[in-house]
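# An overview of the molecular structure
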Amino acid sequence: MPRSAFLDLARPSRRHWLGYLLLAPAVLLIALIIVYPLFVSVDLSFQNVNIARLDQPRRPFTTANYERLFASEDFWNACWVTFKLVTIVSFFCFLLGLGTALLVNNRFKGQALARLLVALPWAIPEVIAVVIFAWLFDSSFGLMNWLFIKLGLVDQTINWFSSPDAAFAVVCTVMVWKGYPFVSIMMLAGLQSIPEDFYNAAKVDGARAWQRLVHITIPSLMPVIGVTLVLVMLWVFRDFSIIYVLTGGGPLKATQSLSIMTYEQAFGFFKMGYASAIGVITLIVCVIASRLMIARAPDNI
Amino acid sequence: MAGIRIDSVTKSYGGLAVLKAFSLDIADGEFVVLVGPSGCGKSTMLKILAGLEEASSGKISIGDRDVTDLAPGDRDIAMVFQNYALYPHLTVARNMGFGLKMRGTDAGEIDRRVNEAAKILGIDHLLERRPRALSGGQRQRVALGRAIVREPQAFLMDEPLSNLDAKLRVHTRAEISALHKRLRVTTIYVTHDQTEAMTMADRIVIMKDGVIQQIAAPDVMFREPANLFVAGFIGSPGMNFLKAKAEAKGGGATAKLFGHDVTLPVANGGALAGKDIVVGLRPEHIAAGPGQVSFTVAPRLIESLGSEQYVYVDLPEEHRREASAGGDDETRRTSLIARLINPEPRPPEETLTLSFDPARLHVFDAASGEAIR
Ligand SMILES: Nc1ncnc2c1ncn2[C@@H]1O[C@H](COP(=O)(O)OP(=O)(O)OP(=O)(O)O)[C@@H](O)[C@H]1O
Ligand SMILES: [Mg+2]
């Protein structure tokens, strides 16, 4: 029986129909749960609303939220904190991630176990990780104070969560601990896709271990590094739970990142319009930053 | 440039012995081809020479330096890999100059040598491209270029032509030979293709299961194969093998082949009497028409290549060898191939008279497979 020419999706000329058909549910879902709230928040950021309710009539258009935002010291502080956090955490995540990946990429006994251990922090829920670290850094009976005193680094207990610098350091530590396994896993995947013969050729060419790392491994990993960097930076940028549970943004707003500030304005002070404005700025920065990173990713592989 | 001496090198992976007491002396400037079926340990030997694998035992010297436990970079050798292993993120020029750069040669000198090598290979217009923007043949040249800019003591090449198409392979084969004539650098070349081995080598080393079967110049290997394996491996199509029984006759030995008593070209025929032997006859040594020993056959199949014809004939039952476990394929065991040069067209159903010269026969001991002369 001949199939209806119109409905035969296997025909070359109809093949793309099937693609659209299969994509449709996902597109609809994304539109519903991402694009719609996005529009709502952009819309809100141009209104002077406190508690947003969809059944209320629109308030008049205003740019007051943005004017206030750019004049606010808190906002620039949050930007600075976020910037510091993104830079420091991404850097150490990469250092640790690449280092551990290179280690467990070697062939040795217990390699599978080592890989598991490297990836372990990733599997632990953020809040639980934070609770563990909060205990480690506790000012009166935490492990870190004990260790630091035993090692003679300090002579009295540090109150980690009341000094701005110490609190920032603790937040960074937790984020690096939580974030490096992802980098490690990505790098490991990248490492395993580098053909053995590149290394063989480099060895015959007389390259030492360090030269092989710089001239073969890193350049071959570049595409993976680019994508991973964007993902890690975005994660740090918008991570909320670690900072919120650990310090709540304090002390003295030393750990108040943009996402903490957004939350505080929206659900602490119920300034939805103002919070939306921060959210929109965050979004724009993220999009620009990731565009730059991806565009910069070398096209040589 | 220097000779290479390999002294009873063995290699085993766990319990698996991949190389068994491999010894080979290579003269300065010689072109030696390691050939053998897949998995016989050719690449392993080359990697041990390059220092990429450790030998289980034995000794290797290049020139008069013992390099057995030297890092690959300190052996002053260059290697061409089967998949070329060009670094994708570097331009052709930088790929070629990589080894010199790693050794701290100054930039001007690197440029000079890279340009010189590129001219020799005719790739000077490609220097600023990246490997992925090159054709297979061009990549192959770059890989060769990377080896020659280093001006090493020896070249090691592991099946460098196997990724090229048939025509380009023939062309590049000739180019590598010409390059070797020009540079005169000791070269060890690995292939599983006997044509490559025959055309390029000064000496062929033929291997099977990690054991050297014979070391000889191509012509010698073709004319005087040391055993059944070498006889079957060298030549295309391979040698025909016929099972027979030797009989003593007037000081010499004969065997009954196709119903004739044929005198075997062996020195001490008397000792052969009553022995099971295998008689080898190259397809090109069979001629159409009557001759010294003639027989009439009904061809099973005739393949014509224009300038030559392959005539496939069913072997009589008494000449067939026993099927060996995992040995040659069935058609080779049960048929005889004649290769007729400049043939006249003939219909396949017609019976045909073929002949051969008994002096051209090869005789092997059926039990050990060794040649008897
Ligand atoms: N790392 C390894 N571990 C265990 N066995 C190995 C290893 N490398 C090679 N072998 C074995 O050693 C034998 C020889 O391998 P080798 O690569 O030298 O073969 P080859 O002669 O180069 O074959 P080909 O023509 O297919 O390249 C093979 O049987 C192979 O399975
Ligand atoms: Mg091989």
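Residues numbered from 1 in each chain as written. Chains lettered and ligands numbered in written order. Predicted model: local features only at pLDDT ≥ 70, side-chain atom pairs only at ≥ 80, totals over all residues. Heavy atoms only, no water.

## Re the overall build of chain B
- Within chain B, the secondary structure is distributed over nine helices and 22 strands.
- Once the C-alpha set of chain B is aligned to its principal axes, its extents read approximately 75 × 45 × 35 Å.
- Here chain B holds 373 residues, and the buried ones make up 51% of them.
- Accessible surface for chain B amounts to roughly 16400 Å². Of this, 48% is attributable to carbon and sulfur atoms.
- When the 45 basic and 47 acidic side-chain charges of chain B are each reduced to a single mean position, those positions are 4 Å apart. (Helix = DSSP H or I, 4+ residues; strand = E, 2+ residues; numbered from the N terminus. Buried < 20%, exposed > 50% of the residue type's maximum accessible area, 1.4 Å probe, protein only. Areas by Shrake-Rupley, 256 points an atom, 1.4 Å probe, with all protein chains shown as cover. Lys, Arg positive; Asp, Glu negative; His and termini not counted. Charge placed at Lys NZ, Arg CZ, Asp CG, Glu CD.)

## Here's the deal with a nonpolar patch on the surface
Residue and element names in this part refer to chain A.
- Together, Ile-51, Val-127, Val-131, Tyr-244, Val-245, Tyr-263, Phe-267 and Phe-270 give the surface a local cluster of nonpolar side chains, amounting to about 720 Å² of exposed area.
- Contributions of two or more residues to the nonpolar patch are made by α5 (126–136), α10 (241–246) and α11 (258–268).
- Residue placement: Phe-270 occurs in the loop between α11 and α12 (272–296).
- A relative accessible area of 38% means that Phe-270 is categorised as partly exposed. (Patch = residues over 30% accessible without salt bridge, like charges linked within 9 Å, V, L, I, M, F, W, Y side chains within 5 Å. Salt bridge = Lys/Arg side-chain N within 4 Å of Asp/Glu carboxyl O.)

## Describing the sheet that holds strand β15 (residues 286–288) of chain B
Residues and elements named next belong to chain B.
- Spatial strand order, β15-β20-β16: three strands in an open sheet with antiparallel pairing. Every other strand in the sheet has two partners, leaving β15 and β16 (293–297) as the edge strands with one partner each. Neighbour to neighbour, the strand axes of the sheet diverge by 35° on average, direction disregarded.
- Pairing geometry for β16 and strand β20 (residues 352–356), over five bridges, is antiparallel. By the bridge assignment for β20, Val-293 is matched with Phe-356. (Pairing = 2+ DSSP bridges. Axes fitted to C-alpha atoms, helices over the stretch in contact; angles between N-to-C directions.)

## Points about the domain arrangement of chain B
All names here are of chain B.
- Looking at the assigned domains, one finds that chain B contains domain 1 (4–229) and domain 2 (232–372).
- Here domain 1 and domain 2 have C-alpha centroids that lie 37 Å from each other.
- Tallying the contact residues gives 15 residues for domain 1 and 16 residues for domain 2.
- With both sides pooled, the region where domain 1 packs onto domain 2 buries about 1300 Å², and carbon together with sulfur makes up 68% of that total.
- A per-residue breakdown of the area domain 1 buries against domain 2 is headed by Gln-194, Phe-222 and Leu-228, which together make up 53% of the total.
- At the junction of domain 1 and domain 2, the tally comes to zero salt bridges.
- Summed over the shared surface of domain 1 and domain 2, the number is seven residue pairs in polar contact (both at pLDDT 80 or more).
- Every element with two or more residues in the side of domain 1 that touches domain 2 is listed here: α6 (194–200), α7 (218–223) and α8 (228–233). (Domains from an automatic or database assignment. Contact = heavy atoms within 4.5 Å. Buried area = accessible area lost by both parts, 1.4 Å probe. Polar contact = N/O pair within 3.5 Å; in protein donor to acceptor, adjacent residues only side chain to side chain.)

## Regarding the site of ligand 1
All names here are of chain B.
- All residues in the neighbourhood of ligand 1 are listed as Tyr-13, Val-18, Ser-38, Gly-39, Cys-40, Gly-41, Lys-42, Ser-43, Thr-44, Glu-159 and His-192.
- For ligand 1, a nitrogen atom lies 3.4 Å from a polar atom in the side chain of Tyr-13.
- Here Glu-159 contributes a side-chain N or O atom positioned 3.2 Å from an oxygen atom of ligand 1.
- Surface burial for ligand 1 is 59%, taken as the share of its 640 Å² of free accessible area covered by protein chains.
- The element that contributes the greatest number of residues to the shell around ligand 1 is helix α1 (residues 42–50), accounting for three residues.
- Of the residues belonging to the shell around ligand 1, the class tally is three nonpolar, six polar and two charged. (Near = heavy atom within 4 Å. Nonpolar A, V, L, I, M, F, W, Y, C, P; charged D, E, K, R; others polar.)

## Let's talk about the environment of Tyr-199 of chain A
Residues and elements named next belong to chain A.
- Relative to the helices and strands, Tyr-199 resides in helix α8 (residues 196–204).
- The spatial distance from the C-alpha of Tyr-199 to the C-alpha of Leu-95 is 22 Å, given a sequence separation of 104 residues.
- Apart from the residues within four sequence positions on either side, Tyr-199 is in contact with Ile-194, Arg-212, Ile-216 and Thr-217.
- For Tyr-199, the side chain forms a polar contact with the side chain of Thr-217, separated by 2.9 Å.

## Focus on the interface of chain B and chain A
- Across the contact, 24 residues belong to chain B and 19 residues belong to chain A.
- Buried surface at the junction of chain B and chain A, summed over both partners, amounts to about 1900 Å²; 61% is from carbon and sulfur atoms.
- Summed over the three residues of chain B that lose the most area to chain A, namely Tyr-87, His-89 and Met-102 of chain B, the buried surface amounts to 30% of that side.
- Summed over the shared surface of chain B and chain A, the number is two salt bridges.
- Note that Arg-208 of chain A is salt-bridged to Asp-74 of chain B, the shortest N-O span being 3.0 Å.
- Here chain B and chain A share eight residue pairs in polar contact (both at pLDDT 80 or more) between them.

## Looking at the sheet that holds strand β9 (residues 203–208) of chain B
Residue and element names in this part refer to chain B.
- The six strands are arranged β6-β7-β8-β3-β9-β10 in an open sheet whose pairing can be described as mixed. Pairing within the sheet leaves two strands with one partner each, and these edge strands are β6 (77–80) and β10 (211–216). The average angle at which neighbouring strand axes cross in this sheet is 15°, direction not considered.
- In this sheet, β9 lies alongside strand β3 (residues 31–35) in parallel orientation, the contact comprising four bridges. Paired with Leu-34 across the bridge in β9 is Val-205.
- Helix α4 (residues 136–149) contacts β6 and β7 (154–158) of the sheet and is inclined by roughly 175° relative to β6.

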